[in-house]
Amino acid sequence: MRTTWNILGAFAFAFATQSVVLAEEIDIPSINPDEGRIGEVRRVADESEFKVCSDPDNMPYSNIKLEGFEDKIAKVLADDLGKKLTFQYAYNRQGFLRNTINAMRCDVIIGMTSDFDGLRTSKPYYRSGHVFVWRKDSNYDITNWDSPDLKKGIIGIVDKSPATIPLNDYDLMTNARPYRLQRDLNLPTSFIIDDLVKGDIDVAVMWGPIAGYFAKNSKVPLEVRLIPEYNKVNLKGKEYWNISVAVRMKDKDRIKMINEALERNKDKIDAILKDYGIPTVPVVEGDSVYKK
């Protein structure tokens, strides 16, 4: 499961890359995994390109068919800037940044927590949080961690995600079914919502963009509700994050250009997020775990 980088923490290494150029005929050449390392041959950035580092199978964010909301946002930005949109694909796991943007294989990451200190980030273009999700036919009404309905069934939650902090503090761990932080690539990215729909779990606690998209597209009516912020109780339980575009630290001109494009296309980007069912809240300027 992917979302932004600080949110889910470390990812196990499973490097597999493909390079795709948007054209009538999609070309997916294999690349040498040794390329891009310090001392090895490196790509030189082509300023006519808007080259995005992306996961080939990570809906609702991105896929190789360009169906993700980050794919759509990338196209909006590339079109605005008059650049050719291209992608460097790699599964979003440990080593992703090292083997993509930091190896010069691409120049832009569309979704990054705004306070990530390993890359230069744009002004936030949206903010989201973790959510409770349940089947509407259960008649649950969950508004907080002490809602009685949370104690009635099994709570599916991603292991070591921020929401596990309040889950534990409210003595709900015995109700929990943990899911791997790093998705089994044999499973679809909807696997937690799939289990909720099947009745294997009764409540899912998830990062909002993933839950919102799959709940919107579920054949079984689901309720999605943002959970309360918990960072003032325990910073590790921070549930809401600003999201930005990211580039390498040295790319000051590139991020300036992207900031301007984000501002010009705010309405289009907001419409994409809404279309994908992404739950959003107003951006909190300056929000950073490093300042607390």
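Parameters at a glance
- Residues numbered from 1 in each chain as written.
- Predicted model: local features only at pLDDT ≥ 70, side-chain atom pairs only at ≥ 80, totals over all residues.
- Heavy atoms only, no water.
- Helix = DSSP H or I, 4+ residues; strand = E, 2+ residues; numbered from the N terminus.
- Buried < 20%, exposed > 50% of the residue type's maximum accessible area, 1.4 Å probe, protein only.
- Contact = heavy atoms within 4.5 Å.
- Areas by Shrake-Rupley, 256 points an atom, 1.4 Å probe, with all protein chains shown as cover.
- Phe/Tyr/Trp six-rings, centres within 6.5 Å; stacked < 30°, edge-to-face > 60°.
- Lys NZ or Arg CZ within 6 Å of the ring centre and 35° of its normal.
- Disulfide = S-S within 2.5 Å.

## Overview of the overall build of the protein chain
Across its full length, the protein chain carries eight helices and 13 strands. Counting over 292 residues, the protein chain shows a buried share of 54%. Intrachain contacts of the protein chain at a sequence separation of at least 6 include 73% that bridge at least 24 residues. For the protein chain, the accessible surface area stands at approximately 13500 Å², while carbon and sulfur atoms represent 50% of it.

## Description of the packing of aromatic side chains
In total, this model carries nine aromatic pairs according to the counting rule given. With a centroid separation of 5.6 Å and an interplanar angle of 5 degrees, the aromatic rings of phenylalanine 87 and tyrosine 89 are classed as stacked. Its relative accessible area of 1% is what places phenylalanine 87 among the buried residues. Tyrosine 89 gets classed as buried once you look at its relative accessible area, which sits at 0%. With centroids separated by 5.7 Å and ring planes inclined at 55 degrees, the aromatic side chains of tyrosine 179 and phenylalanine 191 adopt a geometry described as tilted. One end of the pair, tyrosine 179, is in strand β10 (residues 176-179); the other, phenylalanine 191, is in helix α5 (residues 191-198), and 12 residues separate them in sequence. An identical accessibility class is assigned to tyrosine 179 and phenylalanine 191; each is buried. An aromatic cluster is built from Tyr61, Phe69, Tyr125, Tyr126, Tyr213, Phe214 and Tyr276, whose rings are joined through pairwise contacts. Residue placement shows lysine 238 over the ring face of tryptophan 241; its charged tip is 5.0 Å from the ring centre.

## Observations regarding the state of the cysteines
This model, assessed by the stated rule, comprises one disulfide. The side chain of cysteine 53 participates in a disulfide bridge whose partner is cysteine 106; the two sulfur atoms lie 1.9 Å from each other. On the S-S bond that ties cysteine 53 to cysteine 106, the torsion sits near 100 degrees, and the link is right-handed. Linking cysteine 53 in strand β2 (residues 49-54) with cysteine 106 in the loop between α3 (96-99) and β6 (109-113), this pair joins segments that are 53 residues apart in sequence. The class for cysteine 106 is buried, based on a relative accessible area of 0%.

Fair warning: the whole summary comes from geometry, so function is off the table for now.
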